Each structure stands twice: as structure tokens, then as C-alpha cells.
Amino acid sequence: MKRMFVLTLALGLSFQSQAQIATATPTKAEMTKIQTKTQPRVIILATGGTIAGAGESATKAAYKAGQVPIDALLNAVPEMHQLAKIEGEQVANIGSQDMNIETWLKLSKRINQIFDNNEADAVVVTHGTDTLEETAYFLSLTIRSNKPVVLVGAMRPSTAMSQDGNRNLLDAVMVASAPQSKNIGTVVVMNELVFAARDVTKTNTTSTATFQSRNFGPLGLIYDGKVNYYYQSTHQPTKKFNVDKLDKLPQVDIVYGYADASPKAIECMIADGAKGLVYAGLGNGNFNAPVGAALEKAAKSGIAVVRSARAGSGRVTLNNEVNDAAMGFAVADDLNPQKARVLLMLSLTGTNDIKVIQDIFFKY
Ligand code: GLU
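Heads up: these notes are all about the structure in this document. Model, not experiment: these values are computed from the prediction.

### What to know about helix H9 (residues 289–300)
Over its 12 residues, H9 extends 16 Å from the first C-alpha to the last, a length consistent with the 16 Å expected when each residue adds 1.5 Å. For H9, every residue scored as buried is listed here: Val291, Gly292, Ala294, Leu295, Ala298 and Ala299. Down the axis, H9 shows its buried residues gathered within 165 degrees of arc, on one side only. Those residues of H9 that are exposed and aimed more than 90 degrees away from the buried face are Ala289, Lys297 and Lys300. Turning to H9, the residues buried within the fold contact helix H8 (264–271), strand E14 (276–281), strand E15 (304–309) and helix H10 (324–327). For H9, the N-terminal capping position is held by Asn288, with its side-chain oxygen 3.0 Å away from the main-chain nitrogen of Val291. Downstream of H9 by one or two residues, Gly302 has phi in the positive range, about 100 degrees.

### Here's the deal with the packing of aromatic side chains
Inspection of every chain in the model, using the stated rule, returns four aromatic pairs. Ring plane angle 20 degrees and centroid distance 5.2 Å describe the contact between Trp104 and Phe138, whose orientation is recorded as stacked. With a gap of 34 residues between them, Trp104 in helix H5 (residues 101–116) and Phe138 in helix H6 (residues 132–142) connect regions that are remote in the sequence. What makes Trp104 buried here is its relative accessible area of 3%. Ring centres of Tyr279 and Phe287 lie 5.9 Å apart, and the angle between their planes is 55 degrees; on these two criteria the pair is classed as tilted. Here Tyr279 falls in the buried class, since its relative accessible area comes to 1%. A network of ring pairs unites the aromatic residues Tyr279, Phe287 and Phe329 as a single cluster. Lying across the ring of Tyr137, Lys339 places its NZ or CZ 6.0 Å from the centre.

### Focus on the sheet that holds strand E4 (residues 85–94)
Here we have eight strands laid out as an open sheet, ordered E4-E1-E5-E6-E7-E8-E11-E12, and mixed in their pairing. In this open sheet, the two strands that pair with only one neighbour each are E4 and strand E12 (226–229). Mean inter-strand twist for the sheet, computed between neighbouring axes without regard to direction, equals 25 degrees. Together, strand E1 (41–48), E4, strand E5 (122–126) and strand E6 (149–152) form the strand contacts of H5, whose direction differs from that of E1 by roughly 175 degrees. Taken strand by strand, H6 contacts E5, E6 and strand E7 (186–190), and its axis lies near 170 degrees from that of E6.

### Some remarks on the side chain of Asp333
Here Asp333 lies in the loop between strand E16 (330–331) and helix H11 (337–347). The class for Asp333 is buried, based on a relative accessible area of 5%. Sequence-distant contacts of Asp333, defined by excluding residues within four places in its chain, comprise Arg198, His235, Gly314, Arg315, Val316, Phe361 and Phe362.

Parameters and conventions
Residues numbered from 1 in each chain as written. Predicted model: local features only at pLDDT ≥ 70, side-chain atom pairs only at ≥ 80, totals over all residues. Heavy atoms only, no water. Helix = DSSP H or I, 4+ residues; strand = E, 2+ residues; numbered from the N terminus. Expected span 1.5 Å × (residues − 1). Buried < 20%, exposed > 50% of the residue type's maximum accessible area, 1.4 Å probe, protein only. Arc of directions from axis to C-beta. Contact = heavy atoms within 4.5 Å. Polar contact = N/O pair within 3.5 Å; in protein donor to acceptor, adjacent residues only side chain to side chain. Phe/Tyr/Trp six-rings, centres within 6.5 Å; stacked < 30°, edge-to-face > 60°. Lys NZ or Arg CZ within 6 Å of the ring centre and 35° of its normal. Pairing = 2+ DSSP bridges. Axes fitted to C-alpha atoms, helices over the stretch in contact; angles between N-to-C directions.

In C-alpha cells, the structure reads:
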């Protein structure tokens, strides 16, 4: 900024000597005016989580998520105000284990409104880490703009020694306002890494290095206050899902596969009104005979059944070990069960055709 101000002076006051120009320092008011004009505008939408958590002491692990309001978060990291003109809004203040479809819709509608009205150049969403990946994927499928939407959280509460929230928040604002992030869309920033919303997952219950993209790695690395991107996913929704007029989504439940599993859970979910089932299968999405029969019956009665895997990485492949065509199933490709549920709920807002749903799962 200071350099730009000196340049402005140099152009406007060319009769001045170099020495005079170099010592000209903008007043605070002039500086604010320049910054306001040139800084990217970032809106932080706060939803709670550990990044807003408070504990009893700096060394104890026990804490309560969603205690610190947005104003305190904004003041906690003064450095981020040098990167962007920041405003904050409190959307929720919950642990992300309580995240729900109502809040997803609220977030998505607000972010679309922000970009439609040109209220900001980028959005940062602070979030608990438990369901952060699901919210990120939901937003990546429903936000129409490709402007940066950066989700960020923390594994240690704000009161802990070596807390990671402040650093992560600063990195998130940096990524959101970096020129090279201009069309990056929805990403997750944690632990000096940038991940695609589609690929990232929480892999460890307590480690600060919990977020990983097991199949493809991070999109970018953060070091010394800068982000370097290395990859871009070829899986980009050809058409974003429009949730503007929705206040709920079709019910989709997840069935977990295990040795000697019974089909009872499937029957309960169907009785409860499920319109879709994601099966978190064994190995390459496999099931035992009773579970397979219950899933096939569901598929043939018009419930969308998508096979995914509980393994944690790799793809579930179509028509290999399982005859998906005959049984009426689609496969989740490399989406984990919780991400497959998000995509299936959104797909079911437009179609019940399992072939169309399969096409969406291969492309999005
Ligand atoms: N379970 C809480 C949540 O997801 C705390 C975990 C966290 O934020 O890391 O909000």
C-alpha cells in the first residue's frame, strides 16, 4: 500500500525531488481511503466450532465449541485486516455435530446473495471440523459464482496453548483475497493446506493435521503468507443446484456395512420416508446377501440407492463385483458416504432417474 501511495505522489507531483517523495508518508485517513479502495472485500460468515471454542485453561483439552462471537474472532487476528476489508456476520454458533440442512440452505442463499449483489469479492466460513467437509461440498454444489469461498476451522480451542485457529483464519483470509484464488470456488484451508471441497475429509479425531484429500492431495500449499496452487480438479459441476426456493432437501440416509450386518436399519429408514440410501459398503462397496436383497428391493421400489465405501479412499467401481445394472444401483465413484449423501440429496431435487444420478456422480 505504502509503495502505491508513493507511486501516486510520484505521478502527481513530478516536480518534487526523489528524496521528498520517498519521505512523504500518508496520513492515517489517507491510508484508510487508499486501503478501502484497493483491498479485496471479504465477508466472514461465522457458524461456530472449535475455532470459536473456549476451554478452562491453556493446557486442558476440554472445551465447549461455539463460544466466541464473530466480533471477538475479528479482533483476535489483527493481521488479517491488512490483507482485506473484512466484515463479519454470525450465521450460527454451534458445534458442527449440530450442523443441519436448514443452516446449509441459509449459508448457501446468503453467499449467493453476497456475490449476486457484489457485496464482497470472497467469503470465508468459520466452521466446526466434524462436518466441515459436508458443508464445503454442499456449498461447492450450490454457489453459482466461482469466487473464493473458503471454509476454515481449528482443532484446538481459542484459549489453548498453540491454538491453530488464529493462524488458520489468517491463512483463510489470505487465500480468499489472493489474486491467484480468483476462480477457485469453494475450498477448505487448514494446517497450511488448501483442499478442494469435493475431495477433503477429516481423517483424525484430534490432530491438527486431520484434513486430507486421501486420493488426490491438496490443491495448494501455504507458506510465508502466500499460497501456491498445483492442481485443479476435473470434477466440476456442469450445472450448480439451485436451492433458492427450497427450505428442505429429500431425505437420504446412510447405511453402514459390517460383517454379518442385518437389513433392519434399511427397513427402518425406508419406513421413515427415505427417498435415497447411500450404502457405506465393504471394500469396493460390497454387501452380504440379506443387505444386498434389501437394497435391491429398495432400488426397485423407486428409492435411489448409491453404493459407496467405508474404506476411506479409492473408487467404488460400476458393474464389477456387483451387478449394478441388474440391481438398479448407482456408484459414488470416489466420494465418501457423507459426501455421496450430499450429492444424492441435491440430485433428488431434480431427478429420480438412477441413470441420470449416475451421470451426475461421475461428473460432479
Ligand atoms: N465437534 C466440534 C465441531 O465440529 C468441535 C470440533 C472442531 O471444531 O474441531 O464443531
